[in-house]
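# Descriptive analysis of the structure
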Amino acid sequence: MGPMNFRGMVAGALLALNMAAALPALAAATTPDAGNPALVSQIASHLAQAKGVRAQFTQTQTLAAMKQPLVSTGSLLFFRERGVIWQIDTPYKATYVITDAGVAEVNANGQRVTARGAQGTRGVAQVSKMMRAMLGGDLSALYSQFDVQAEGSAAQWRMQLTPNQPQIAQSIKGLQMNGGDYLQSLRITLANGDITKLDFAKSAAVTEPTPAERTLLGVP
């Protein structure tokens, strides 16, 4: 697997982290499509405590067209106000910055450049922008697209998001999230049978990025 496969990898990570970021806003929802809204509120109160999160990840992509799953590992920084720095360690080295402006790759000099295959990443930026809008109180986008069910407890919870719009269901069958104080795993099942599983470890709250990370994210 080469760097050209980054599109699906960063899209999956961005979706996972932005869905987690959107959960504090979900606590205010009273839609009948929200299963167990009291638990959703408790989950949100935990996840809302962190302005940013630093974590290690393992991503496993099971593709219908391939016999063996594609596995990648690395680390990431999610900064709610700006975006994600996504660093792949295996099976190759690469760093990507995902913001509302799109996806950029970090070159050997530590500078942001247009990512390879970036013409297909406009939707990634749109997802990021939509999720941040929901943090500002606009919940219509999410609940007009997904039915939400939650079970468990605030200490260990599970959420299932099922598309309720045909145009989304054509691509995504469902999203399953598991966590506690932080998001622990995300499973994305596509309509074509492909599955992306993201497992997060050593998650820790981040108040401010490092100076280098601030530069990459475009933070003043």
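Residues numbered from 1 in each chain as written. Predicted model: local features only at pLDDT ≥ 70, side-chain atom pairs only at ≥ 80, totals over all residues. Heavy atoms only, no water.

## A look at the overall build of the protein chain
If you tally the helices and strands in the protein chain, you get six helices and twelve strands. Classification of the 220 residues of the protein chain by burial places 46% in the buried group. A separation threshold of at least 6 residues defines the contact pool for the protein chain, and within that pool the share at least 24 residues apart is 52%. If you sum the accessible surface of the protein chain, you get close to 10400 Å²; carbon and sulfur atoms cover 52% of it. (Helix = DSSP H or I, 4+ residues; strand = E, 2+ residues; numbered from the N terminus. Buried < 20%, exposed > 50% of the residue type's maximum accessible area, 1.4 Å probe, protein only. Contact = heavy atoms within 4.5 Å. Areas by Shrake-Rupley, 256 points an atom, 1.4 Å probe, with all protein chains shown as cover.)

## Quick notes on unusual backbone geometry
Cis geometry marks the peptide bond from Thr90 to Pro91; its omega dihedral reads 10 degrees. The topology assignment puts Pro91 in the loop between strand 4 (83-90) and strand 5 (94-99). Phi is positive for Lys202, close to 55 degrees, though the residue is something other than glycine. With respect to the helices and strands, the residue Lys202 is situated in strand 12 (residues 195-206). You can call Lys202 exposed: its relative accessible area is 67%.

## Examining the environment of Pro209
Following the sequence through the fold, Pro209 ends up in the loop between strand 12 and helix 6 (211-217). Considered as a pair, Pro209 and Val53 are 156 residues apart in the sequence and their alpha carbons are 9.7 Å apart. Those residues within four positions of Pro209 in sequence are excluded, and the remaining contacts are Leu77, Phe79, Arg214 and Leu217.

## Comments concerning the pairing of strand 8 (residues 146-152)
Pairing geometry for strand 8 and strand 9 (residues 157-163), over seven bridges, is antiparallel. Residue pairing for strand 9: Ala150 is matched across the bridge by Met159. (Pairing = 2+ DSSP bridges.)

## Comments concerning the nonpolar core
The biggest cluster of nonpolar side chains holds 29 residues, and the ones touching the most others in it are Phe57, Trp86, Tyr96, Met159, Leu161, Leu175 and Met177. Membership of the second largest hydrophobic core comes to nine residues, among which are Phe79, Ile85, Val206 and Leu216. (Core = buried A, V, L, I, M, F, W, Y, C linked by side-chain atoms within 4.5 Å.)

## Some words on the pairing of strand 2 (residues 52-62)
Here ten bridges tie strand 2 to strand 3 (residues 70-79), and the two strands are oriented antiparallel to one another. In the strand pairing of strand 3, Gln61 is matched with Leu70. Inspection of the sheet shows strand 2 paired to strand 12 by ten bridges, in the antiparallel sense. Each bridged residue has a counterpart across the sheet, and for Gln56 the counterpart in strand 12 is Ala201.

## Quick notes on the pattern of salt bridges
Throughout the structure, instances matching the rule amount to five salt bridges. Salt-bridge contacts for Arg158 lead to Glu151; the nearest nitrogen and oxygen are separated by 3.7 Å. Classification of Arg158 by relative accessible area gives partly exposed; the value is 27%. When its relative accessible area of 45% is taken as the criterion, Glu151 is described as partly exposed. Notably, a salt bridge pairs Glu208 with Arg214, separated by 2.8 Å at the nearest N-O pair. (Salt bridge = Lys/Arg side-chain N within 4 Å of Asp/Glu carboxyl O.)

## Focus on the packing of aromatic side chains
Inspection of every chain in the model, using the stated rule, returns one aromatic pair. Taken together, a centroid distance of 3.7 Å and an interplanar angle of 20 degrees make the contact between Phe57 and Trp86 stacked. Remark: Trp86 occurs in strand 4 and Phe57 occurs in strand 2; sequence separation between them is 29 residues. As far as the burial class goes, Phe57 and Trp86 line up, both buried. (Phe/Tyr/Trp six-rings, centres within 6.5 Å; stacked < 30°, edge-to-face > 60°.)

## Some points on the confidence of the model for the protein chain
Taken as a whole, the protein chain shows an average pLDDT of 74; of its residues, 68% reach a score of 70 or greater. Averaged pLDDT values for the elements of the protein chain fall to 51 in helix 1 (residues 6-26) and rise to 90 in strand 12. A low-confidence stretch, residues 1-6 stays under pLDDT 50, and its non-local contacts, those more than four residues away or across chains, total 20 contacts. Across residues 132-139 the pLDDT falls below 50, and counting only partners more than four positions away or on other chains, this stretch makes 20 contacts in the model. (pLDDT = per-residue confidence, 0-100.)

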